[in-house]
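# Summary of the model geometry
The lines below spell out each chain.
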Amino acid sequence: MARILAIDYGGKRCGIAVTDESKIIASGLTTVATKEVLQWLQEYTSKEKVELFIVGEPKRLHGEASESEQLIQVFLEKLNTVLPDIPVKRMDERFTSKIAFNTMITSGISKKKRRDKTLVDKISATIILQDYLYNL
């Protein structure tokens, strides 16, 4: 069985989350430097079967695309060239970073660890993937 992989794409880093093979549980996997994410995805998909990519869709409050959407569109074109057999779906990612930060607070993560942006990105990717699974 194949997994679903979510990407919280950012200018510096991309948070990565993945489901179990039964597609029931979403777990934060890692954070990858944006300039290395395509290579990382190629390596990961050569070892693990992935049936779908979920990529966060950043929007402003009123639903219009944010300025980072242009960078994501370039990434999606490259992703489609590198891994054309894996389809991509988009998921609204409004407030995921804020939810991730609040999750860290409520789970008792120390102030020092909460400053770690890579952890926020990984949790954000997990939230995007959980939202997708919930809306199936």
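Quick look at the structure, then. Predicted, not measured: the structure shown is a model, and the values here were computed from it.

### Quick word on the packing of aromatic side chains
Within this structure, the stated rule accounts for two aromatic pairs. Residues W40 and Y44 carry aromatic rings whose centres are separated by 5.1 Å and whose planes lie at 10° to one another, so their mutual orientation is stacked. Placement of the pair is W40 and Y44 together in helix 1 (residues 37–47), with a separation of four residues, close to one helical turn. Judged by its relative accessible area of 13%, Y44 is buried.

### Overview of the nonpolar core
Ranked by size, the top nonpolar core spans 20 residues in total, and within it L5, I7, V37, L41, F53, F75 and L79 carry the most contacts. Taken together, the elements giving at least two residues each to this core come down to strand 1 (3–8), strand 2 (13–19), helix 1, strand 4 (50–57) and helix 2 (69–82). Not counting residues up to four positions away in its chain, the partners in contact with I7 are C14, G15, I16, L41, F53, I54, V55, G56, F75 and I128. Core analysis: the second largest hydrophobic core is formed by twelve residues, A6, L52, A125 and I128 among them.

Rules of the game
Residues numbered from 1 in each chain as written. Predicted model: local features only at pLDDT ≥ 70, side-chain atom pairs only at ≥ 80, totals over all residues. Heavy atoms only, no water. Phe/Tyr/Trp six-rings, centres within 6.5 Å; stacked < 30°, edge-to-face > 60°. Helix = DSSP H or I, 4+ residues; strand = E, 2+ residues; numbered from the N terminus. Buried < 20%, exposed > 50% of the residue type's maximum accessible area, 1.4 Å probe, protein only. Core = buried A, V, L, I, M, F, W, Y, C linked by side-chain atoms within 4.5 Å. Contact = heavy atoms within 4.5 Å.

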